[in-house]
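Overview (structure and organization)
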Amino acid sequence: MKRKLSLLLTMCMLITCLAGISFTASAEMQGSGTENEPYIITTQKEFEEMTGTNHYKLAADIEFVAPVAIKEFKGVFDGNGKTIKLTNATNGLITDLRGTVKNLTIDGTVTSSLEKDGVIAGRNYFGTITNCKTTDTFTLTANGVYSGVFAGQLWGGTVSNCLNYGAVTTTT
């Protein structure tokens, strides 16, 4: 009986301790995901792990060497004036943007044949893309549906203060 009671008390203490712990998007990421202390992104892997409604900030230029696409993003991603270089990418960064992407430069080559695609978001669904720029070649083949430089489709979202300095080819 004492052993069962001891086990029960230990489990209660463990649950109580875990209740106060905040789990981060990645064990390696610095920051807490808040506006004042965003998670710090320094690798492609960390970028791919962005989730929820957290705040993220790019701390260094990054080269993505494999296709990447976050399925849905509702948080805030501050590019911090840094560059993400896409090497032989076959899609944009985010499939469905419901949050904010700002202060980001995209360089490299994207050749996409998705139904809806843009360099930053396939669909900007009430999200915000602001103060971003692109600087290289983008070929978007959208199967006759939606393609664009920053977002393939705007569905209540906004794109503002963004500039494209690269060549863009769209085909249907």
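Use the structure listed above.
Residues numbered from 1 in each chain as written. Predicted model: local features only at pLDDT ≥ 70, side-chain atom pairs only at ≥ 80, totals over all residues. Heavy atoms only, no water.

From N to C terminus, the protein chain includes two helices and 19 strands. Residues counted as buried form 37% of the 172 residues belonging to the protein chain. Sequence-distant contacts in the protein chain: of pairs separated by 6 or more residues, those separated by 24 or more amount to 55%. Summing over all exposed atoms, the protein chain offers an accessible surface of approximately 9400 Å²; the carbon and sulfur share of this is 54%. (Helix = DSSP H or I, 4+ residues; strand = E, 2+ residues; numbered from the N terminus. Buried < 20%, exposed > 50% of the residue type's maximum accessible area, 1.4 Å probe, protein only. Contact = heavy atoms within 4.5 Å. Areas by Shrake-Rupley, 256 points an atom, 1.4 Å probe, with all protein chains shown as cover.)

With that settled, the discussion passes to the packing of aromatic side chains. Applying the stated rule across the entire model yields six aromatic pairs. Here Phe-47 and Phe-64 contribute two aromatic rings whose centre-to-centre distance is 5.3 Å and whose plane-to-plane angle is 50°, an arrangement assigned as tilted. Within this pair, whereas Phe-47 is found in helix H2 (residues 44-48), its partner Phe-64 is found in strand E3 (residues 62-64), the two being separated by 17 residues in sequence. Taken as a pair, Phe-47 and Phe-64 share a single burial class, namely buried. (Phe/Tyr/Trp six-rings, centres within 6.5 Å; stacked < 30°, edge-to-face > 60°.)

Before going further, it helps to spend a moment on unusual backbone geometry. Its identity as a non-glycine residue notwithstanding, Asn-103 has a phi of 55°, on the positive side. By secondary structure assignment, the location of Asn-103 is in the loop between strand E8 (100-102) and strand E9 (105-112). Given a relative accessible area of 26%, Asn-103 falls into the partly exposed group. If you check the backbone angles, Asn-161 has positive phi at about 55° while not being a glycine. For Asn-161, the position within the fold is in the loop between strand E17 (158-160) and strand E18 (163-164).

The subject of this paragraph is the nonpolar core. Among the nonpolar cores identified, the biggest contains 33 residues, and Phe-47, Phe-77, Ile-84 and Leu-93 are the most heavily contacted of them. Elements supplying a minimum of two residues to this core: strand E1 (39-41), strand E2 (55-58), E3, strand E4 (70-73), strand E6 (83-89), strand E7 (94-97) and E9. Phe-77 has contacts with Ile-41, Phe-47, Met-50, Tyr-56, Leu-58, Ile-84, Thr-100, Val-101, Lys-102 and Leu-104, leaving out every residue within four places of it along the chain. (Core = buried A, V, L, I, M, F, W, Y, C linked by side-chain atoms within 4.5 Å.)

With that settled, the discussion passes to the sheet that holds strand E5 (residues 76-78). Spatially, six strands are ordered E1-E2-E5-E8-E12-E17 in an open sheet, and the strand pairing comes out parallel. With one partner strand each, in any of the chains shown, E1 and E17 form the two edges of the open sheet. The sheet shows a mean angle of 15° between the axes of neighbouring strands, taken without regard to direction. As defined by bridge partners, strand E12 (residues 128-130) adjoins E17 across three bridges and the pair is classed as parallel. Within E17, the residue paired with Thr-130 across the bridge is Ser-160. (Pairing = 2+ DSSP bridges. Axes fitted to C-alpha atoms, helices over the stretch in contact; angles between N-to-C directions.)

This paragraph deals with the environment of Ala-121. Topologically, Ala-121 is positioned in strand E11 (residues 121-125). Along the backbone, Ala-121 and Val-149 are 28 residues apart, and their C-alpha atoms lie at a distance of 8.9 Å. Those residues in contact with Ala-121 that lie beyond four places of it in its chain are Ile-94, Leu-97, Ile-129, Phe-150, Ala-151 and Gly-152.

In this section: the pattern of salt bridges. Applying the stated rule across the entire model yields six salt bridges. The closest approach of N and O atoms between Lys-45 and Glu-49, which form a salt bridge, is 3.2 Å. The class for Glu-49 is partly exposed, based on a relative accessible area of 23%. Taking the shortest distance from any N to any O, the salt bridge between Asp-107 and Lys-85 comes out at 3.8 Å. Taken together, the positions of Asp-107 in strand E9 and Lys-85 in strand E6 put the pair 22 residues apart, joining distant regions of the chain. (Salt bridge = Lys/Arg side-chain N within 4 Å of Asp/Glu carboxyl O.)

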